[in-house]
Amino acid sequence: MLIGTMDIKPKAIVSCFGHDILGEWATKPSEHFRQQYEIVDKQSAYQFIGEQEITNGQWEERGNLLFYCFQQGVWVNEVSGFDPANDYHKLTQYSPIHNITAEYPPTLFLHGDQDKITPYEQSVMMYKKLQEHGVYTELITIEGVDHDFDRNFMIRWFKVRFKMLLIF
């Protein structure tokens, strides 16, 4: 989503979880992650973090940091190095919804309405903001599904919808 705000832009964007990184979903502890999963301590979260990328590690290697960040409400802090409470204005430059212009690329949103990680409302907000600026956009709500709807996604259906967006 952020690349759409830069000088060199793609012809179109497909977003599965459009969001404002300054929203409470990213800056406050997540009740979902605190209630549904065992609490991850900082040491466990960072035990697999090192100097090399992990691209095909086990879920525990990748997931513990995510769980820790959402359980503690520090995702933005850990990813950006900025504190949303003290560095709000610095962080707005990394939050697409705060930088939309009429030159933003056409955008297709795909989002499950039962998403417990990135709230569905985040895509709705971005969709409306793009409409306010006259940007061609479409929001496809995947009803009754959570964050990982794309695991069993109907690729043929997606290709047809995406081609429709590019034809515009």
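Before any of the text, the structure's been laid out above.
First, a word on what this report is: a plain description of the structure on this page. Quantities reported herein were computed from a predicted structural model and do not represent experimental measurements.

Let us look at the nonpolar core. Within soluble globular proteins, side chains that are nonpolar generally end up buried alongside one another. Within the largest apolar cluster, 15 residues are counted, with the highest numbers of intra-cluster contacts made by Ile 21, Tyr 68, Trp 75 and Val 76. Looking at this core, the elements that each hand over two or more residues are helix 1 (24–27), helix 4 (59–72) and helix 5 (75–80). Here this core takes four residues from helix 4, the largest share from any one element. Setting aside its immediate chain neighbours within four residues, Trp 75 contacts His 19, Ile 21, Trp 25, Ala 26, Cys 69 and Phe 70. Among the nonpolar cores identified, the runner-up in size contains eight residues, and Ile 97, Ile 100, Tyr 104 and Phe 109 belong to it.

Quick look at the pattern of salt bridges now. For the structure on display, the rule yields one salt bridge. For Lys 90, the salt bridge is made with Asp 87, and the minimal N-O distance between the two is 3.9 Å. Taking relative accessible area as the criterion, Asp 87 reaches 17% and is therefore assigned buried.

Another point: the packing of aromatic side chains. In the structure shown here, the tally under the stated rule is nine aromatic pairs. Here Phe 33 and Phe 70 contribute two aromatic rings whose centre-to-centre distance is 5.2 Å and whose plane-to-plane angle is 15 degrees, an arrangement assigned as stacked. Taken together, the residues Phe 33 in helix 2 (residues 31–36) and Phe 70 in helix 4 connect sequence positions 37 residues apart.

Moving on: the environment of Ile 21. Along the chain, the position of Ile 21 falls in the loop between strand 1 (13–15) and helix 1. Between the C-alpha atoms of Ile 21 and Pro 96, which are 75 residues apart in sequence, the distance is 8.5 Å. Beyond its immediate sequence surroundings of up to four residues, Ile 21 is in contact with Ala 26, Thr 27, Trp 75, Val 76, Leu 91, Tyr 94 and Ser 95.

Bringing helix 7 (residues 120–132) into the picture now. Relative to the 18 Å expected for 13 residues at 1.5 Å per residue, helix 7 spans 19 Å between its end C-alpha atoms, a close match to the ideal helical length. Of all the positions in helix 7, only Tyr 120, Gln 122, Ser 123, Val 124, Met 126 and Leu 130 are classed as buried. Contacts made by the buried residues of helix 7 are with helix 1, strand 2 (107–112) and strand 3 (137–142). Gly 134, located one to two residues past helix 7, shows a positive phi value of around 75 degrees.

What follows is about the sheet that holds strand 2. Within the open sheet, the three strands sit side by side as 1-2-3. Their pairing is parallel. One side of each edge strand has no neighbouring strand; the edge strands of this open sheet are strand 1 and strand 3. Pairs of neighbouring strands in the sheet enclose a mean axial angle of 15 degrees, with direction left out of account. Relative to strand 2, strand 1 is paired through three bridges, and the arrangement is parallel.

Take the pairing of strand 2 next. Among the six residues of strand 2, six are classified as buried, and the element is accordingly described as predominantly covered. Neither face of strand 2 is left uncovered, since the one carrying Thr 107, Phe 109 and His 111 and the one carrying Leu 108, Leu 110 and Gly 112 both have all their residues buried. Sheet analysis places strand 2 next to strand 3, joined by six bridges and oriented parallel. Bridged to His 111 within strand 3 is Thr 141. Each parallel crossover has a hand, and the one from strand 2 via helix 7 to strand 3 is right-handed.

Reading the values: rules and limits
Residues numbered from 1 in each chain as written. Predicted model: local features only at pLDDT ≥ 70, side-chain atom pairs only at ≥ 80, totals over all residues. Heavy atoms only, no water. Core = buried A, V, L, I, M, F, W, Y, C linked by side-chain atoms within 4.5 Å. Buried < 20%, exposed > 50% of the residue type's maximum accessible area, 1.4 Å probe, protein only. Helix = DSSP H or I, 4+ residues; strand = E, 2+ residues; numbered from the N terminus. Contact = heavy atoms within 4.5 Å. Salt bridge = Lys/Arg side-chain N within 4 Å of Asp/Glu carboxyl O. Phe/Tyr/Trp six-rings, centres within 6.5 Å; stacked < 30°, edge-to-face > 60°. Expected span 1.5 Å × (residues − 1). Pairing = 2+ DSSP bridges. Axes fitted to C-alpha atoms, helices over the stretch in contact; angles between N-to-C directions. Right-handed = clockwise from strand over helix to strand, strands pointing away.

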